Amino acid sequence: MTEAVNDSEQFVYDICSKSFLSLWSYINPQGKTPGKELCDVLIVCDPHVIIISVKDIQLNNTDDPSVGWKRWQRKAIEDSIKQIKGAIRWLDQSEYVVQKNGSQGLKLPLASERRYHRVAVAFGGKREVPIRSPAEDDKFYHILDEQSVSLLLRHLDTISDFVNYLIDKEAFLSNTSIIINGGEENLLAIYLHNDRQFPLEADMMILEDDLWEGISNKPEFKAKLQRDTESYVWDRLIEILCQGGFDGENWLGPDMSQSELAIRVLVKEDRFSRRMLGGAFKDFLERSKMGEVRSRCVPSMSGVGYVFFTYDSDSTLEERKSELLARCFASLCQFHECFTVIGVGVNVPGQKPRDGYSSDLVLLQTQNNQWSEEDLRQAKYCRDELGFFKSPNKKLIHEDEYPIPEETDDT
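Below is a summary of the structure that appears in this document.

Here is what the cut-offs are and how they apply
Residues numbered from 1 in each chain as written. Predicted model: local features only at pLDDT ≥ 70, side-chain atom pairs only at ≥ 80, totals over all residues. Heavy atoms only, no water. Core = buried A, V, L, I, M, F, W, Y, C linked by side-chain atoms within 4.5 Å. Buried < 20%, exposed > 50% of the residue type's maximum accessible area, 1.4 Å probe, protein only. Helix = DSSP H or I, 4+ residues; strand = E, 2+ residues; numbered from the N terminus. Contact = heavy atoms within 4.5 Å. Pairing = 2+ DSSP bridges. Axes fitted to C-alpha atoms, helices over the stretch in contact; angles between N-to-C directions. Disulfide = S-S within 2.5 Å. Parallel < 35°, antiparallel > 145°, perpendicular 65-115°, else oblique. Nonpolar A, V, L, I, M, F, W, Y, C, P; charged D, E, K, R; others polar. Right-handed = clockwise from strand over helix to strand, strands pointing away.

**What to know about the nonpolar core**
- Core analysis: the largest hydrophobic core is formed by 86 residues, its most contacted members being Leu42, Ile51, Tyr165, Tyr306, Phe308 and Ile342.
- For this core, the leading source of residues is helix 2 (residues 65-91), giving eight residues.
- With residues near it in sequence (within four places) discarded, Ile51 still touches Cys39, Val41, Leu42, Ile84, Ala87, Ile88, Leu91, Tyr116, His117, Arg118 and Val119.
- The next biggest cluster of nonpolar side chains, apart from the first, holds 21 residues, and it includes Phe309, Ala326, Phe329 and Phe388.

**Some thoughts on the sheet that holds strand 12 (residues 305-311)**
- The sheet built from four strands is open, its strands ordered 11-12-13-14 with mixed pairing. The open sheet has two edge strands, strand 11 (295-299) and strand 14 (360-365), and neither has a second partner. Each strand axis lies, on average, 15° off the axis of its neighbour in the sheet, ignoring direction.
- For strand 13 (residues 340-347) and strand 14, the ladder comprises six bridges, and the chain directions are antiparallel. Residue pairing in the sheet places Val344 in a bridge with Leu361 of strand 14.

**Some details on helix 5 (residues 185-193)**
- Burial runs high along helix 5: seven of the nine residues are buried.
- Of all the residues in helix 5, the buried ones are Glu185, Asn186, Leu187, Leu188, Ala189, Tyr191 and Leu192.
- The inward-facing, buried residues of helix 5 abut helix 3 (146-155), helix 4 (159-173), strand 9 (177-180), strand 10 (204-207), helix 6 (211-216) and helix 7 (219-227).
- Asp195 occupies a position one or two residues after helix 5 and carries a positive phi of about 60°.

**Considerations on the state of the cysteines**
- Taken as a whole and assessed by the stated rule, the structure comprises zero disulfides.
- For Cys382, which is in no disulfide, the shortest distance to another cysteine sulfur is to Cys333 and amounts to 8.5 Å.
- Relative accessible area serves as the criterion here: at 2%, Cys382 is assigned to the buried category.

**Some remarks on the packing of helix 12 (residues 317-331) against helix 13 (residues 373-384)**
- It is the contact of helix 12 with helix 13, at a shortest axis distance of 7 Å, that shows an interaxial angle of 110°. The orientation of helix 12 with respect to helix 13, classified from their angle, is roughly perpendicular. Note on element contacts: helix 13 touches helix 12 through Asp375, Gln378, Ala379, Cys382 and Arg383, opposite Ala326, Phe329 and Ala330.
- Across the contact of helix 12 with helix 13, the residue classes break down as five nonpolar, one polar and two charged.

**Focus: the pairing of strand 9**
- With four bridges joining them, strand 9 and strand 10 adopt parallel strand pairing. Paired with Ile180 across the strands is Leu207, a residue of strand 10.
- In terms of handedness, the path from strand 9 via helix 5 over to strand 10 forms a crossover that is left-handed.

**Brief notes about the sheet that holds strand 6 (residues 115-123)**
- If you walk across this open sheet you meet the six strands as 1-2-3-6-8-7, and the pairing is mixed. Two strands bound the open sheet, and with one partner strand each, they are strand 1 (25-27) and strand 7 (135-136).
- For strand 2 (residues 41-45) and strand 3 (residues 48-56), the ladder comprises five bridges, and the chain directions are antiparallel. Among the inter-strand pairings, Val41 is bridged to a residue of strand 3, identified as Ile52.

Dropping the structure here:
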């Protein structure tokens, strides 16, 4: 990514760096004309295409505030909407993203399955100008300011959390009229407080300016943020796998390897799932270091099964990969409802293998929600003949996203 040179470009850079959106993000992708940008940020995560237009327009004081408001809205919001519309017209006839340098990027989702999300970020209004998210031709536009978008990306900091919020918000505002006193973070407060849902039975809502302050000061909200620190173990695992496996050229290319597809499965886990998975992976590494366990299979709330495996220090690279694949097949006997299984193979912490440090990914996936007879035969062989997960120690874990802190007795 190029270094940002002004506030808007810095914001674009931060958007792309945040929440692993960088795995699908393009800064200033090229449009129809070479050298002319399509939008500020384009995010492609099949089937979703997020188009972000950023305008930095300073509000000028005028004798009549409404005159200044209209000028600012025209330049900061209406011009963004025009840019987004033009970007979609071009994307509708395109198969690939064209990067800023003119090279080919990722394939776009199939036109029949593609879902656009239109986001305009308006800097400089100082929260003095009324902002609404309009719908034009039955298409919804999310209008955010610099404060609200920062909070959204802080508390919806995975691709799944962010996209689900946009989808749910569009459905909510298509049936409900709202008046927001303050920024969009007060709408986010309603969403989070209601278990990531909007009250769709309401015809009209008036949101006060203190809703976000109220929810963010709740003990269970603070406890949630504290518990989420465990989830960033999963984020660090993704970083390690990306740094160890891919260079920039291949990563941004139009075709993806099996390892790249597997990483995208890891990245699509939402923050709550990452908390569970990060905790399980951390515990697995600690126990493997003590020699108590070499492999573990963990089902995610997303419906994906994960197999963690630490290599024997004397094994070869070929042996490691082969055993990881066999353990993934054996896990199918445990993961009856999982139709995607990801194997994550790493070194035992603190040990240097004979063939050097290595991390591997294996992807098993069925497209029709049914494993083939050959897959199941292979799974039973790996379990019964090779002994992988033949007599597993099972552990059930309960976790609340917003845990209620235990009261302490200070007497």
